[in-house]
Each structure stands twice: as structure tokens, then as C-alpha cells.
Amino acid sequence: MNPYEIRKLFPILNQEVNGQPLVYLDSAATSQKPAVVIEAIEQYYRGYNSNVHRGVHTLGTKATDAYEGAREKVRKFINASSIEEIIFTRGTTTSLNTVARSYGLANVQEGDEIVISYMEHHSNIIPWQQVAKQTGAVLKYIPLQEDGTISLDDVRATVTNATKIVSVMHVSNVLGTINPVKEIAAIAHEHGAIMVVDGAQSTPHLKVDVQDLDCDFFALSGHKMAAPTGIGALYGKKELLENMEPIEFGGEMIDFVGLYESTWKELPWKFEGGTPIIAGAIGLGAAIDFLEEIGLDNIERHEHHLAAYAMEKMSTIEGLTIYGPKDSAKRAGVITFNLEDVHPHDVATVLDADGIAVRAGHHCAQPLMKWLDVSATARASFYLYNTEEDIDKLVSSLIKTKEYFSNVF
Ligand code: 7TS
């Protein structure tokens with residue numbers, strides 16, 4: 001299927017914005033949803049809405065089967081070895097907070113080190129700042145190379161025998177950099193540390209194999225991979241999860257409740273307190289089926305092609321700076337840029353008038369903005385439904401923006 005045919009499977013893309021056909025270039029913030037995902041959610045609410053794991057009635061059994069079926073789809077999608085290792089969460093932020101609070105607070109002590117990188121999203125910074133504050137551990141940053149990549153020599157220089165946790169993003173939501181998380185995990189393990197991977201921007205776009213990466217935890221968000229908002233997952237190695245305490249207590253996650261003591265369900269349910277995100281999980285399962293039918297290899301290839309095409313076209317615009325690796329093979333379909341003298345919010349506003357949706361701001365990565373020495377940037381991000389035509393429209397609208405502002409000043 002070519003991207004023009006794929007585009008038709010996403011109902012929202014068939015509309016005009018400000019009198020122009022919508023060009024959606026903000027998938028790193030959230031992706032659009034294909035009709036099959038919307039329909040799967042609708043079928044659940046129209047046909048078998050029921051709580052899971054409790055009733056013996058027919059609808060309850062159907063809902064439980066669909067919810068647990070979605071867990072198996074996530075397991076297979078990232079190649080975890082068992083469903084016990086897949087916990088449904090609200091998304092990457094909740095997954096990372098779960099690791100920080102449950103594993104971090106119990107296993108990190110004063111004087112220990114937690115290592116992250118300069119390019120992390122706030123969701124992979126603040127939970128570790130909190131653990132460091134509460135335990136007296138030291139938070140250390142892996143520096144970046146000039147081109148916005150991480151060198152393994154810098155990882156080796158930062159990780160020591162005092163390091164207990166290394167947590168790095170797989171793909172940067174700003175620079176598009178694909179980080180060598182498998183190699184970083186090996187360095188972490190040499191020092192007896194665990195490896196956490198923020199997979200928010202990788203899972204939607206490239207084939208993830210958590211066993212091959214040999215990471216200890218892996219966080220993902222459904223809404224960035226064609227699924228609804230409010231659902232995501234945390235993968236954790238079984239031997240680690242077994243020794244961790246839940247962070248939410250209440251219904252669903254218990255085995256026996258006494259007046260003063262209670263016991264928990266087995267994995268993964270001990271981490272899923274309360275009525276779970278049933279419709280969201282079913283939507284995520286449908287999204288995984290959809291992505292697998294198109295093929296992650298095809299999606300990755302298409303995005304590399306679009307990134308290379310966009311970098312080539314955009315670099316012809318004088319005064320436009322693109323951040324991150326120049327080599328498109330080292331990056332995913334995210335292009336962050338600034339247009340000389342024009343504030344990124346103004347760039348995004350003019351593009352919006354042409355029906356083009358890009359994001360402007362600090363992209364929840366303020367330390368990285370500081371490293372880039374900018375307060376904000378504009379960002380175009382691609383997914384399987386974007387086309388070369390979308391990029392041509394972006395480029396001509398950027399040229400228009402530049403001309404408009406050079407007349408104003
Ligand atoms: N980690 C990375 C690398 C991200 O890109 C994001 C969201 C998150 C974590 C948090 O994910 P959530 O689903 O829990 O919110 N990134 C962005 C973005 O780049 N623009 O909007 C959200």
C-alpha cells in the first residue's frame with residue numbers, strides 16, 4: 001500500500017483546515033487513528049462494554065478476552081517473553097514514573113548514581129530528579145555530540161560502578177536521533193546497573209525487540225502509534241517486576257484483603273489497580289494489528305525516505321537551521337528547525353493558515369533546548385500517512401513565511 005492509499009484509512013485526514021487540505025505533521029505529539037481503531041473502540045462500547053476479570057456473564061468474558069488479547073498483541077509486538085512482563089499504563093509518562101517510584105525508590109541509595117542524557121523528554125528527567133532528591137542519589141547526564149548523537153565513549157565515561165539506573169530515550173522527539181540503546185544497556189549491565197528505555201518515539205516507527213535490546217524496562221505510549229490516548233504499556237523483566245511493589249493499591253490488583261494486611265495478584269495484574277483502560281487497550285490491540293499488516297519495516301523505510309527528502313528540500317531554504325544528525329540514516333521522521341529571525345510560534349501560525357500542522361515550543365525537552373542554545377523550535381514529524389506532497393507543501397509554505405517576515409522587518 002502506498003502512503004496515498006494509507007492516508008485514506010485515516011478519516012480525520014480527509015478534511016480542510018483554513019480552506020486547505022490538512023497536512024498533518026505533528027505525529028510525534030500524537031498520531032492520527034485509522035478507522036479500524038476507531039471502530040474497535042466503538043464495537044466495544046456498542047457491543048460488549050463490561051468490566052474485566054470479575055463477571056462470569058457473557059459480556060464480561062468477551063471484554064476480558066479482548067483486554068487480555070490486547071496484552072498478548074503488545075507482548076508479541078515488542079517481543080517480550082511473557083504476558084506477565086506487560087503492564088498496561090496510561091502511557092510513557094506513567095510507565096517511567098512506575099519504574100522510578102517502584103524500582104528506583106527501593107533500589108537506589110545515597111551516593112548511588114542515576115544516568116540519563118541531555119536529550120531526554122521531561123518524562124524521563126523529572127521522575128529521576130525526584131528519586132535522586134528522595135534518596136540522596138546523584139543524577140548524571142550523558143553529554144551529546146555536536147550533531148545531537150550519543151557517543152558510547154561518553155556513556156562509558158559517565159556510567160560507573162556507583163550507577164544503579166541508566167535511562168535513555170530510544171528515539172529523540174526533537175532531534176530524531178536513534179540512540180544505540182542496546183549498546184548502552186550492555187555498558188549499564190557491565191556496571192551492575194539496570195537499563196530503562198523510553199520508547200515513546202521508537203515503538204510507532206521501528207521494530208522493537210526488548211529481548212534483543214536486553215533492556216530491563218521499556219516504556220511506550222499508544223497514542224503515538226495509531227491507538228487512542230490514555231493507554232500505554234510498561235515492559236519489565238519478570239525477575240525485576242516480581243520483586244517490586246505496586247504503586248497503586250485498591251481493587252483489581254489484590255488477591256486477599258484482610259483488615260490489616262493484604263496480598264497482591266500475580267504479574268502483571270498487581271500493577272493494574274482499579275478498573276483498567278479497557279477500551280484503550282482494545283484500541284491499542286487494533287492499532288498493533290493495523291501497523292503489523294502494513295509492516296514496521298515498511299513504515300521505517302518510508303519515514304527514512306521522507307526524512308531524507310525533507311532534509312534535502314528544507315536545506316535549500318536560506319536561513320533555515322535543522323537540528324540533529326545530518327545523516328538521515330541516523331534519524332527517524334522528526335525534523336526540528338528554526339527559520340532565522342522568525343519565532344517558531346509565528347512559523348507554526350503561518351503554516352497553520354495553509355492547513356499545515358507542526359508543533360512549536362520546547363517539546364518538553366528544556367535541558368536539550370539549553371544545549372541547543374535556543375528557547376524554542378518548530379518541528380515537523382512524519383508518520384506512515386505522510387507523503388512527499390506534504391513535504392513539498394511544507395517547503396513552499398516555509399518559503400512564503402520567510403518572504404512574509406523579511407518584508408515585515
Ligand atoms: N518520551 C518521549 C520521547 C516523548 O516524545 C513523549 C511525548 C513522552 C515521553 C511522553 O509521552 P506521554 O504519552 O506519556 O505524554 N512527546 C511529545 C512531543 O514530542 N510532543 O508532544 C508530546
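Residues numbered from 1 in each chain as written. Predicted model: local features only at pLDDT ≥ 70, side-chain atom pairs only at ≥ 80, totals over all residues. Heavy atoms only, no water.

Chemist: Where do I start with the overall build of the protein chain in this structure?
Modeler: A tally of helices and strands in the protein chain yields 14 helices and 17 strands. For 409 residues, the compact-globule estimate of 2.2 N^0.38 gives 22 Å, and the C-alpha radius of gyration of the protein chain, at 22 Å, lies within 12% of that figure. Its C-alpha atoms give the protein chain principal-axis dimensions of about 75 × 55 × 35 Å. Counting over 409 residues, the protein chain shows a buried share of 56%. For the protein chain, restricting intrachain contacts to residue pairs at least 6 apart in sequence, the fraction spanning at least 24 positions comes to 71%. Total accessible area on the protein chain is roughly 17,200 Å²; 50% of this is exposed by carbon and sulfur atoms. Side chains of the protein chain carry 34 positive and 54 negative charges; the gap between the two charge centres is 2 Å. (Helix = DSSP H or I, 4+ residues; strand = E, 2+ residues; numbered from the N terminus. Rg over C-alpha atoms; globule rule 2.2 N^0.38 Å. Buried < 20%, exposed > 50% of the residue type's maximum accessible area, 1.4 Å probe, protein only. Contact = heavy atoms within 4.5 Å. Areas by Shrake-Rupley, 256 points an atom, 1.4 Å probe, with all protein chains shown as cover. Lys, Arg positive; Asp, Glu negative; His and termini not counted. Charge placed at Lys NZ, Arg CZ, Asp CG, Glu CD.)

Chemist: Explain the site of the ligand here, please?
Modeler: T93, D198, S221, R359 and R379 are the nearest of the 16 residues found near the ligand. A distance of 2.5 Å separates an oxygen atom of the ligand from a polar side-chain atom of T93. D198 places a polar side-chain atom, nitrogen or oxygen, 2.6 Å from a nitrogen atom of the ligand. When its residues are assigned to classes, the shell around the ligand shows four nonpolar, eight polar and four charged. (Near = heavy atom within 4 Å. Polar contact = N/O pair within 3.5 Å; in protein donor to acceptor, adjacent residues only side chain to side chain. Nonpolar A, V, L, I, M, F, W, Y, C, P; charged D, E, K, R; others polar.)

Chemist: What should I look at first to understand the packing of helix 2 (residues 35-48) against helix 3 (residues 58-78) in this one?
Modeler: Each pair of packed helices gets described by two things: the angle between the helix axes and the distance between those axes. One can describe the packing of helix 2 onto helix 3 by two numbers: an axis separation of 10 Å at closest approach and a directional angle of 165°. Considering the angle they form, helix 2 stands roughly antiparallel to helix 3. Viewed along their axes, helix 2 and helix 3 form a crossing whose handedness is left-handed. Side by side, helix 2 and helix 3 meet where Y44, G47 and Y48 of the first sit next to L59, K62, A63 and A66 of the second. Grouping the constituent residues of the contact of helix 2 with helix 3 by class yields five nonpolar, one polar and one charged. (Axes fitted to C-alpha atoms, helices over the stretch in contact; angles between N-to-C directions. Parallel < 35°, antiparallel > 145°, perpendicular 65-115°, else oblique. Left-handed = near helix turned anticlockwise from the far one by under 90°.)

Chemist: Before we go on, may I ask you to explain unusual backbone geometry in this structure?
Modeler: Backbone geometry follows two general trends: most residues other than glycine have a negative phi, and most peptide bonds adopt the trans configuration. Cis geometry marks the peptide bond from L267 to P268; its omega dihedral reads 0°. For P268, the position within the fold is in the loop between strand 12 (262-264) and helix 10 (278-294). For N18, which is not glycine, the phi torsion reads 55° and is therefore positive. Checked against the element boundaries, N18 lands in the loop between strand 1 (16-17) and strand 2 (20-21).

Chemist: So what exactly am I meant to see when it comes to the side chain of D154 here?
Modeler: Here D154 lies in helix 6 (residues 152-158). Although D154 is buried, it makes no salt bridge; R156 carries the closest opposite charge, 9.2 Å away. In this view, D154 contacts I142, P143 and Q145; residues no more than four positions away in its chain are not counted. (Salt bridge = Lys/Arg side-chain N within 4 Å of Asp/Glu carboxyl O.)

Chemist: Is there a simple way to explain the sheet that holds strand 6 (residues 138-142) in this structure?
Modeler: To summarise the sheet geometry, strands pair through backbone hydrogen bonds and adopt either a parallel or an antiparallel arrangement. In spatial order, the strands read 4-10-9-8-7-5-6; together these seven strands make up an open sheet with mixed pairing. Since the sheet does not close on itself, it has two edges, and those belong to strand 4 (86-89) and strand 6, each with one partner. In this sheet, adjacent strand axes meet at a mean angle of 20° when their direction is disregarded. (Pairing = 2+ DSSP bridges.)

Chemist: Got a minute to help me understand the packing of aromatic side chains in this structure?
Modeler: Each aromatic ring pair is summarised here by two numbers: the centre-to-centre distance and the angle between the ring planes. One pass over the full model with this rule turns up 10 aromatic pairs. Each ring, one from Y44 and one from Y48, has its centre 5.3 Å from the other, and the planes form 80°; the classification is edge-to-face. One end of the pair is Y44 and the other is Y48, both in helix 2 and four residues apart, which spans about a single turn. Y44 sits in the buried class, given a relative accessible area of 3%. An aromatic cluster is built from F10, F290, Y383 and Y385, whose rings are joined through pairwise contacts. Taking the ring centre of F77 as reference, the NZ or CZ of K207 above it sits at 5.3 Å. (Phe/Tyr/Trp six-rings, centres within 6.5 Å; stacked < 30°, edge-to-face > 60°. Lys NZ or Arg CZ within 6 Å of the ring centre and 35° of its normal.)

Chemist: Sorry, what's going on with the pattern of salt bridges here?
Modeler: Oppositely charged side chains can pair when the atoms bearing their charge come close. What the rule picks out here adds up to 18 salt bridges. A salt bridge links D112 to K164; the nearest nitrogen and oxygen atoms lie 3.5 Å apart. A residue pair is termed long-range when its members are at least 10 positions apart, and D112 in the loop between helix 4 (92-107) and strand 5 (113-117) and K164 in strand 7 (residues 163-169) qualify at 52 residues. Here D112 falls in the buried class, since its relative accessible area comes to 11%. The salt bridge partner of D147 is K330, with a shortest N-O separation of 3.8 Å. Placement of D147 in the loop between strand 6 and helix 6 and of K330 in the loop between strand 13 (320-322) and strand 14 (334-339) is noted, with a sequence separation of 183 residues between them. By relative accessible area, which is 25% here, D147 ends up partly exposed. Salt bridges sharing partners connect three or more residues here, namely E68, R71 and E272.

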